[in-house]
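What the coordinates show
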Amino acid sequence: QYEAMPLATRFHVVEAMRRATLAANHELSSATVEETGIGRVDDKLQKNRLAAEKTPGPEILEPVAWSGDDGLSIMERAPFGVFLSITPCTNPTETIINNAIGMVAGGNSVVSEASKSGAKCTLSLTHEYTPSVWTQELGYADQMKHKFIFGGKNTLLGWMELYNEPRESIQAKQ
């Protein structure tokens, strides 16, 4: 189970995700602008880089303890479960990168849905770049294969079906 992996392993996974995103940044940015017809490649390059480099990872999950006259309190963050993430057509790859790093760093699973005009680049990101990081660079394919999923509904009815799914713990809507 990924949730049971040591926090140090999550650091390695997130770092590999960051490296793979940065390596594929130009291709992802160009594909996004071409598919959606929105934005400029230079802006997408900056947004993808920002998402890859600045999205908080497992470093913010360190346990915190407070002690005083009234006793000891410990805050330890734990996974929530499965997230549903609906990405906008304006920033499909940046949103996927941000959600993938943040949610996977926390030990959660993500079902990602894209708008119709961002579906191709989202599918490319979730099926080509992200899994290759886990498989080739890290060797965590078995533990990670169900952590990040592209649902492929791409319709309002499909989104509502996932939104109302009782197993979806939290919906992250942009």
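If you're wondering where the values come from, they're calculated on a predicted model, not measured in any experiment.

Moving on: the nonpolar core. Among the nonpolar cores identified, the biggest contains 10 residues, and these are V13, V14, M17, A51, A52, I97, A100, I101, V104 and A105. Secondary-structure elements contributing two or more residues to this core are α1 (7-23), α3 (41-54) and α4 (92-105). Broken down by element, the residue count for this core peaks at 5 residues, all from α4. Not counting residues within four places of it along the chain, the set of residues in contact with I101 comprises V14, M17, R18, A51, A52, T55 and P56.

Another point: the confidence of the model for the chain. Fine structural detail should not be taken from predicted coordinates in areas where pLDDT scores are low. Summing up the model confidence of the chain, the mean pLDDT is 77 and the portion of residues at 70 or higher is 68%. Summarising per-element confidence for the chain, the mean pLDDT is lowest in strand β6 (residues 170-173) (50) and highest in α3 (96).

What follows covers the pattern of salt bridges. As enumerated under the stated definition, the model contains 4 salt bridges in all. E15 is the partner of R19 in a salt bridge, and the nearest nitrogen-oxygen pair spans 3.8 Å. In this pair, R19 and E15 are both assigned in helix α1, 4 residues apart and thus about one turn of the helix distant. R19 sits in the partly exposed class, given a relative accessible area of 39%. Judged by relative accessible area, E15 falls into the partly exposed class, the value being 37%. Between E94 and K44 there is a salt bridge, and its shortest N-O distance comes to 3.7 Å. Residue E94 is found in helix α4, and its partner K44 is found in helix α3; the two are separated by 50 residues along the sequence. For the residue pair E94 and K44, the accessibility class agrees, reading buried in each case.

Criteria and cut-off values
Residues numbered from 1 in each chain as written. Predicted model: local features only at pLDDT ≥ 70, side-chain atom pairs only at ≥ 80, totals over all residues. Heavy atoms only, no water. Core = buried A, V, L, I, M, F, W, Y, C linked by side-chain atoms within 4.5 Å. Buried < 20%, exposed > 50% of the residue type's maximum accessible area, 1.4 Å probe, protein only. Helix = DSSP H or I, 4+ residues; strand = E, 2+ residues; numbered from the N terminus. Contact = heavy atoms within 4.5 Å. pLDDT = per-residue confidence, 0-100. Salt bridge = Lys/Arg side-chain N within 4 Å of Asp/Glu carboxyl O.

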